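Here is how the chains run, residue by residue.
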Amino acid sequence: MIDVEHIAKLARLEISQDEVEKMRNELSSILDYFDSLKKVDVKKVKPSSHSFSVENVMREDLPKKQPKEKNDKLLKAMPEKKGRYLKVKSVL
Amino acid sequence: MNLTNLTITKTHQGLINKDFSAVELTKAYLNKIKKEDKKIHSFLTISKDLAFSQAREIDKKISKKENIDLLAGIPSAIKDNIMVEDIRCTAASKILENYVASYNATVIEKLKKAGTVILGKTNLDEFAMGSSCENSAFGTTKNPCDLKRVTGGSSGGSAAAVAADLCGYALGSDTGGSIRLPASFCGVVGLKPTYGTVSRYGLIAFASSLDQIGPITKTIEDCKIVFDAISGWDEMDSTSVNSKFKIQNSKLQFKIENLRIGIPKEYFVKGMDKEVEKKIKKAIKKYEARGAKIIEVSLPHTEYALPVYYIISTSEASANLARYDGIRYGKSKVKKSRVKSLLDVYLENRGQGFGDEVKRRIMLGTYALSSGYYDAYYLKAQKVRTLIKQDFENVFKKVDVLLTPVSPTTAFKIGEKTDNPLTMYLSDIFTISVNLAGLPALSLPCGMVGKLSVGLQIIGKPFEEERILEIGKTLENILTS
């Protein structure tokens, strides 16, 4: 049985008591459907993360100077800020 | 003269012949949206100022007799998960309700350079998660063919806007059928390009190994024009494919008489609407009559594609959507009195900001990746993905393209499938394998059942967009002549 409350916490989702029950039923029936994969023999099969083999693309990790307007746009999107800093709740 | 039902080429000719100006054209579309979109609800945002400033720019160029691109002055609609600088971008989610894009997606950069006019942003299932456009936090888009029915999803707003002549063309995104299904349900053309062909930079990520942006258009010719404009290698997308490889593959010559068309038997199974099946078979007969060789083939792992897709896409989504915390952008929903710690902020913003389907998928993905279940779900799905890819590699040794229905049914009624998520997931049954294998696939209208359109899917080998478009054109010519 899927522990909905534990998974919700891992996913950082607040879920009401009503939702927990509903979600448990829905997720269980979807997971039952996923069980059809048990039939497939994959002993010698390699996993595919993409449809074709993807390689890491490397570049120098150098900061790029951005125009002030760009920074301003990012700052403007912040719901809470102090001066030009993002404001968050204390972590501890 | 009706300006809003012209193809891109005809509109372009009208502009350079000065039959109408880009500003007049933009006005015609915006007026039509104002009059007709109340009942369809395809747009979430209208970018009137941007549209007119782009149109004026093109009119200036035309008056100076400068050469203009085919897409210059053509009014377009952009799915609201693709970023257009300084325009609101919501992904149809409450968590991004007031988010304004701070930069352009690469596809938008390219279209702006070509001089296209952007009329606005179109509705979708929240974060592109859905098959009917009913999961939008801002209301369902209705099918212009029948307003009681869904458009299909997730690019429902884009397909409806094209079908109702509310734009010249539109962009959508396709993770498991999100361009092809709505194109099929609304009776327009939709192309899901080969993975890596169109840059994903500036597309709000759902499942990064599957997502592709593509065109939704009135004709196949339009589709090719838009595809050519948005494709190409991009340093901002690490999975973007180098164009050298693409060019080698696109120079393929072919004649319909020499074409080998595969019909995968797994796509013609019970449960399919009899009328839909008839239309598809009739379309196949047209190719046969032109001399193409029709060959029955098998993709034996087809039945596993749906569970594989939903495990992989939800796993990737659970990671991709972790960034939405309502702290750096997006509207913070938190009531200050209730919140004690940073964790409370996350829980509340995300709990209230995401809709039911998005939460369900984040939960599924988190579960599939969680300790103790990773091997049984995610890793297993990745291995079966390999088998699904190999199925296609094997049949493409024998045939050049595959023809299948896009969907087992025509557009279903609004509300018909919302009670059971699994029933809704089954709408994608014929489109998802293509994303798992990264292939290009075209959806084009091949007939009507009553008021509703039936879509034929043409699946090609990697990077053979040109070929499937040409093949589609053959049928389009037969049907419209």
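Residues numbered from 1 in each chain as written. Chains lettered and ligands numbered in written order. Predicted model: local features only at pLDDT ≥ 70, side-chain atom pairs only at ≥ 80, totals over all residues.

Broken down by element type, chain B carries 16 helices and 13 strands. A compact globule built from 481 residues should have a C-alpha radius of gyration of about 23 Å, and chain B, at 22 Å, falls within 12% of that. With the principal axes as the frame, chain B shows a C-alpha extent of 70 × 60 × 45 Å. For chain B, buried positions account for 59% of its 481 residues. Taking all contacts inside chain B whose residues are at least 6 apart in sequence as the whole, residues at least 24 apart take part in 77%. (Helix = DSSP H or I, 4+ residues; strand = E, 2+ residues; numbered from the N terminus. Rg over C-alpha atoms; globule rule 2.2 N^0.38 Å. Buried ≥ 20, exposed ≤ 12 C-beta atoms within 10 Å, placed from the backbone. Contact = placed C-beta atoms within 7 Å.)

Right, let's talk about the sheet that holds strand β7 (residues 189-192) of chain B for a bit. Residue and element names in this part refer to chain B. If you trace the eleven strands from one edge of the open sheet to the other, you get β1-β3-β2-β6-β8-β7-β12-β13-β11-β9-β10, paired in mixed fashion. In this open sheet, the two edge strands, each paired with only one partner strand, are β1 (43-46) and β10 (293-297). Between one strand and the next, the sheet's axes are offset by a mean angle of 30°, whatever the strand orientation. Judged from the three bridges that link them, β7 and strand β12 (residues 441-449) form a sheet pairing that is antiparallel. Its bridge partner lying in β12, Leu191 is registered against Leu442. Its contacts with the sheet place helix α7 (residues 220-230) against β6 (169-174), β7, β8 (212-217) and β12, and it is angled at close to 150° to β8. On top of the sheet, helix α16 (residues 465-480) reaches β7, β11 (401-405), β12 and β13 (452-459); it is set at about 15° to β12, its chief contact. (Pairing = 2+ DSSP bridges. Axes fitted to C-alpha atoms, helices over the stretch in contact; angles between N-to-C directions.)

As a further point, take the confidence of the model for chain A. Residues of chain A with pLDDT of at least 70 account for 99%, and the chain-wide mean is 91. Taken element by element, the predicted model of chain A shows its lowest mean pLDDT in strand β1 (residues 81-82) of chain A (90) and its highest in helix α1 (residues 4-10) of chain A (95). (pLDDT = per-residue confidence, 0-100.)

Attention now goes to the pairing of strand β2 (residues 75-79) of chain B. Residue and element names in this part refer to chain B. Burial within β2 is extensive, with five of its five residues counted as buried. Burial along β2 is two-sided: Pro75, Ala77 and Lys79 and Ser76 and Ile78, pointing in opposite directions, are all buried. Bridge count for β2 against strand β3 (residues 117-122) is five bridges, and the pairing is parallel. When the bridges of β3 are listed, Lys79 appears paired with Thr122. Across three bridges, the pairing between β2 and β6 is parallel. Bridge pairing in β6 places Ser76 opposite Tyr169.

All right, on to the interface of chain B and chain A then. Chain B puts 50 residues into the contact, and the matching count from chain A is 41 residues. Going through the elements one at a time, α10 (305-320), α11 (342-353), α12 (356-369), α13 (375-395), α14 (421-425) and α15 (432-437) of chain B are the ones with two or more residues in the side of chain B that touches chain A. In the side of chain B that touches chain A, the residues fall into 26 nonpolar, 14 polar and ten charged. (Nonpolar A, V, L, I, M, F, W, Y, C, P; charged D, E, K, R; others polar.)

With twelve residues, α11(B) ought to run about 16 Å at 1.5 Å a step, and its terminal C-alpha atoms sit 16 Å apart, in line with that. Turning to α11(B), its buried residues number three or more, namely Val345(B), Tyr346(B), Leu347(B), Glu348(B), Asn349(B), Arg350(B) and Gly353(B). (Expected span 1.5 Å × (residues − 1).)

Moving on: the confidence of the model for chain B. In the predicted model, chain B carries a mean pLDDT of 94, and the fraction of residues at 70 or more is 96%. Across the interface, the model reports ipTM at 0.95; the global pTM reads 0.96.

As a further point, take the packing of α10(B) against α13(B). Residue and element names in this part refer to chain B. Close contact between α10 and α13 brings their axes to 9 Å; oriented N to C, the two are set at 130°. Overall, the two elements α10 and α13 adopt an arrangement that is oblique. Two packed elements cross with a definite hand, and for α10 against α13 that hand is left-handed. Residue-level inspection shows Ala305, Val308, Ile311, Ile312 and Ser315 of α10 in contact with α13, the latter providing Tyr377, Tyr378, Ala381, Gln382, Val384, Arg385 and Ile388. (Parallel < 35°, antiparallel > 145°, perpendicular 65-115°, else oblique. Left-handed = near helix turned anticlockwise from the far one by under 90°.)

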